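Chain and residue survey
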Amino acid sequence: MDNGKSELSIPEIRGFLEETIGEEGILVVNSLVGKELTDEVLSEETELKLNVVRKILYQLYDYRLASYVRTKDKQIGWYIYTWKINLSKIESVVANRKEKVLQELGQKLEYETNNVFFCCNQDNAKIPFDLASECDFKCPNCNSTMEFYDNQSLIMSLEEEIQKLKQELQHA
């Protein structure tokens, strides 16, 4: 691996980075690939505010995709942080993220499958049967009559998304 450039060309990885750190983050990553730079230099190179660059770097650090070395400037006594990027672990980070999403989708599917819902046509409030019956099938927000909500299309959509993620994880 070339420490980043090839990973950025993979749509799934680029999508993860865009979702996590945004387009500004992609600029920071591109500037850091193959280099070690301070946050101030990165701010100048990318023309982003220093606090934005630092936020992005900390997000990358949280995923262990960036690291830094802290040195003390002997003249002014401040610490200088020199950052470098290492995207060699990004595929496992993306897989872990998919596992988490898969788990959340599974929980949502279980909830949707195990409950009957009622919906208000006025404000689109959707509540389970037990709550709807406690409110005499009147919307707790606007007092309109609630009607049965058929969630079969949502259940099917969740099942499809779960299956898709499982297949992606098997091929990873």
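Quick note: structure is the one above.
Small disclaimer: the values here were computed from a predicted structure and weren't measured.

1. What about the overall build of the protein?
When its secondary structure is counted, the protein shows seven helices and six strands. When the helices and strands of the protein are listed from N to C terminus, the series reads α-α-β-α-α-β-β-α-β-β-α-β-α. Considering only C-alpha atoms, the protein reaches an extent of 75 × 40 × 20 Å along its principal axes. Counting across all 172 residues of the protein, residues that qualify as buried make up 33%.

2. Some points on the pattern of salt bridges
Across all of its chains, the model carries nine salt bridges by this definition. The salt bridge involving Arg 54 is made with Asp 39; its shortest N-O contact spans 2.8 Å. Of this pair, Arg 54 sits in helix α4 (residues 50–62) while Asp 39 sits in helix α3 (residues 39–46); the two residues are 15 residues apart in sequence, bridging distant segments of the chain. Since its relative accessible area comes to 3%, Asp 39 is described here as buried. A salt bridge links Lys 98 to Glu 168; the nearest nitrogen and oxygen atoms lie 2.7 Å apart. Pair noted here: Lys 98 is in helix α5 (residues 90–113) and Glu 168 is in helix α7 (residues 152–170), with a separation of 70 residues, a long-range link. Each of Glu 12, Lys 98 and Glu 168 takes part in a single network of salt bridges with overlapping partners.

What counts, and where the lines are drawn
Residues numbered from 1 in each chain as written. Predicted model: local features only at pLDDT ≥ 70, side-chain atom pairs only at ≥ 80, totals over all residues. Heavy atoms only, no water. Helix = DSSP H or I, 4+ residues; strand = E, 2+ residues; numbered from the N terminus. Buried < 20%, exposed > 50% of the residue type's maximum accessible area, 1.4 Å probe, protein only. Salt bridge = Lys/Arg side-chain N within 4 Å of Asp/Glu carboxyl O.

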